[in-house]
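Structural features, examined
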Amino acid sequence: MTEKEFDLLYAAHKGKELAQFSKDTLFMCEKNGWLKSGKLTESGYEALSPYKVDNAIIMAAGRSRRCMPLSNYLPKGLFEIKGDTMVERQIKQLHDAGIKQIIIVVGYLKEKYYEMAKKYKDLIVIDNTEWEEKNNISSIYAAKDYLKNSYICCSDNWFAHNVYCDYVYDSYYACKYTDEFLDEYCVKSTDKEGYMTSVKKGGEKCWYTIGEAFFNK
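Please read these numbers as outputs of a predicted model, since none were measured by experiment.

The rules behind the values
- Residues numbered from 1 in each chain as written.
- Predicted model: local features only at pLDDT ≥ 70, side-chain atom pairs only at ≥ 80, totals over all residues.
- Heavy atoms only, no water.
- Buried < 20%, exposed > 50% of the residue type's maximum accessible area, 1.4 Å probe, protein only.
- Helix = DSSP H or I, 4+ residues; strand = E, 2+ residues; numbered from the N terminus.
- Pairing = 2+ DSSP bridges.
- Arc of directions from axis to C-beta.
- Contact = heavy atoms within 4.5 Å.
- Phe/Tyr/Trp six-rings, centres within 6.5 Å; stacked < 30°, edge-to-face > 60°.
- Core = buried A, V, L, I, M, F, W, Y, C linked by side-chain atoms within 4.5 Å.

**Here we look at the pairing of strand 3 (residues 55-60)**
- In terms of residue burial, strand 3 counts as a mostly covered element, since six of its six residues are buried.
- Pairing analysis gives five bridges linking strand 3 to strand 8 (residues 150-154), with the strands arranged parallel. Among the inter-strand pairings, Ala56 is bridged to a residue of strand 8, identified as Tyr151.

**Some details on unusual backbone geometry**
- Phi at Ser37 is positive, roughly 55 degrees, even though this residue is not glycine.
- Relative to the elements of secondary structure, Ser37 occurs in the loop between strand 1 (35-36) and strand 2 (39-40).

**Section: helix 5 (residues 110-117)**
- Every buried residue belonging to helix 5 is among Tyr113, Met116 and Ala117, and all of these are buried. Down the axis of helix 5, the sector holding all buried residues measures 100 degrees, keeping them to one side.
- On its buried side, helix 5 packs onto strand 3, helix 4 (86-96), strand 6 (102-106) and strand 7 (124-127).

**Some details on the packing of aromatic side chains**
- Overall, the coordinates contain eleven aromatic pairs when judged by the stated rule.
- Aromatic side chains Phe6 and Tyr169 sit 5.4 Å apart centroid to centroid with 45 degrees between the ring planes, which places their arrangement in the tilted category. One end of the pair, Phe6, is in helix 1 (residues 3-13); the other, Tyr169, is in the loop between strand 8 and strand 9 (172-178), with 163 residues separating them in the sequence.
- Aromatic pair Tyr51 and Tyr169: ring centres 5.4 Å apart, planes at 15 degrees, arrangement stacked.

**Digging into the nonpolar core**
- If you look at the biggest cluster of nonpolar residues, it comprises 25 residues, and the most contacted ones within it are Ile104, Met116 and Tyr151.
- Contributions of two or more residues to this core are made by strand 3, helix 4, strand 6, helix 5 and strand 8.
- Once you skip the residues sitting within four places of it in the chain, Met116 turns out to touch Leu78, Val87, Glu88, Ile91, Ile104 and Leu123.
- Membership of the second largest hydrophobic core comes to 16 residues, among which are Leu8, Tyr10, Trp34 and Ala47.

As structure tokens, this is what we get:
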């Protein structure tokens, strides 16, 4: 399936207008039996099934030194913004997007997260015992048995609008453009398909990684 065909089928799945898609893309989707009278068919949903998001993994094990002294008492993901903690806002947005299995990986002040998790009966909490020595990569490893078509989220992501989808075409890392210098991980190079091939610490007039990522299985 091409990305354009995926975009059309996903729009149909969400009940959106299809007029913006080319006649060729519409024709191919109808020819393949994925679409009929602007509606997804059973074959269309079967074609989309490899792109179904299985779960989300929220990394919440770190100490958040940049937020001291507040983070001496409370993990950053439990900071409250506009009535919701950052982690709980993400949980709600993931649920709203149709993603029910959520794994949260904890370490520093983990008891605070265990208390919060009592509100969500299906939330899976995993201890990362190596968080202090090995950082975020050890949190992904701690949740390795759950990695499928998975969102990878940081506990301190806060989105004004829901960025999550129940089907995703390919792996990505959300990025934002900056003209000014930022001491963040910046995209240094990409290949012809747009995949990141290298990053660097710090940069200006570049895209820097921030927000959610998606790993396909």
